Amino acid sequence: EAALQAADGEMQAKKETFDNARFGLMTRLATMEHKRKYEFLEAVSSTMEAHLSFFKHGYEIMQDIEPLIQGAFSETISTREVAAVEYAEL
């Protein structure tokens, strides 16, 4: 009976070691998954911020050159009208 109790005690110790290792593994896996998830979100956020900055900068440039675009458009229309009048006079 003493051998049986010793074997049972040894079995309990081995089970406790196994459980600790299993829970440690699960904790490490959960930590890695959590870290990977946030690294992915950080990469997506960084990309979105870069796109936002790019398009915002483009919008600001277009606002700055809008008077030039409108001037060129007006000049084109005026030139076309003058050309039409000169063509009609021929």
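Residues numbered from 1 in each chain as written. Predicted model: local features only at pLDDT ≥ 70, side-chain atom pairs only at ≥ 80, totals over all residues. Heavy atoms only, no water.

1. Digging into the overall build of the protein chain
If you tally the helices and strands in the protein chain, you get one helix and zero strands. Dimensions of the protein chain along its principal axes, counting C-alpha atoms only, are 125 × 25 × 5 Å. Residue burial in the protein chain is summarised as follows: out of 90 residues, 1% are buried. (Helix = DSSP H or I, 4+ residues; strand = E, 2+ residues; numbered from the N terminus. Buried < 20%, exposed > 50% of the residue type's maximum accessible area, 1.4 Å probe, protein only.)

2. Here's the deal with a nonpolar patch on the surface
Judged by side-chain polarity, Tyr-38, Phe-40, Leu-41, Val-44 and Met-48 come together as a nonpolar surface patch covering roughly 510 Å² of accessible area. By the element assignment, Leu-41 lies in helix H1 (residues 2-89). (Patch = residues over 30% accessible without salt bridge, like charges linked within 9 Å, V, L, I, M, F, W, Y side chains within 5 Å. Areas by Shrake-Rupley, 256 points an atom, 1.4 Å probe, with all protein chains shown as cover. Salt bridge = Lys/Arg side-chain N within 4 Å of Asp/Glu carboxyl O.)

3. What about the pattern of salt bridges?
Summed over all chains, the structure comprises three salt bridges. A salt bridge links Arg-22 to Asp-19, with the shortest nitrogen-to-oxygen separation between them at 3.1 Å. With a gap of three residues between them, Arg-22 and Asp-19 both fall in helix H1, about one helical turn apart. Note on Asp-19: relative accessible area 16%, which makes it buried. For the salt bridge of Glu-33 with Arg-36, the shortest nitrogen-to-oxygen distance reads 2.5 Å. You can see Glu-33 and its partner Arg-36 sitting in helix H1, three residues apart, about one turn around the helix. Salt bridges linked by common partners bring Lys-15, Asp-19 and Arg-22 together as one network.

4. Here's the deal with the packing of aromatic side chains
The tally for this structure, following the rule as stated, stands at one aromatic pair. When the centroid spacing of 5.1 Å and the interplanar angle of 75° are considered together, the rings of Phe-54 and Phe-55 count as edge-to-face. The pair formed by Phe-54 and Phe-55 is uniform in burial state, with each residue classed as exposed. A cation over an aromatic ring shows up here: Arg-22 above the ring of Phe-23, its NZ or CZ 4.7 Å from the ring centre. (Phe/Tyr/Trp six-rings, centres within 6.5 Å; stacked < 30°, edge-to-face > 60°. Lys NZ or Arg CZ within 6 Å of the ring centre and 35° of its normal.)

Treat this as a map of the structure, not an account of what it does.
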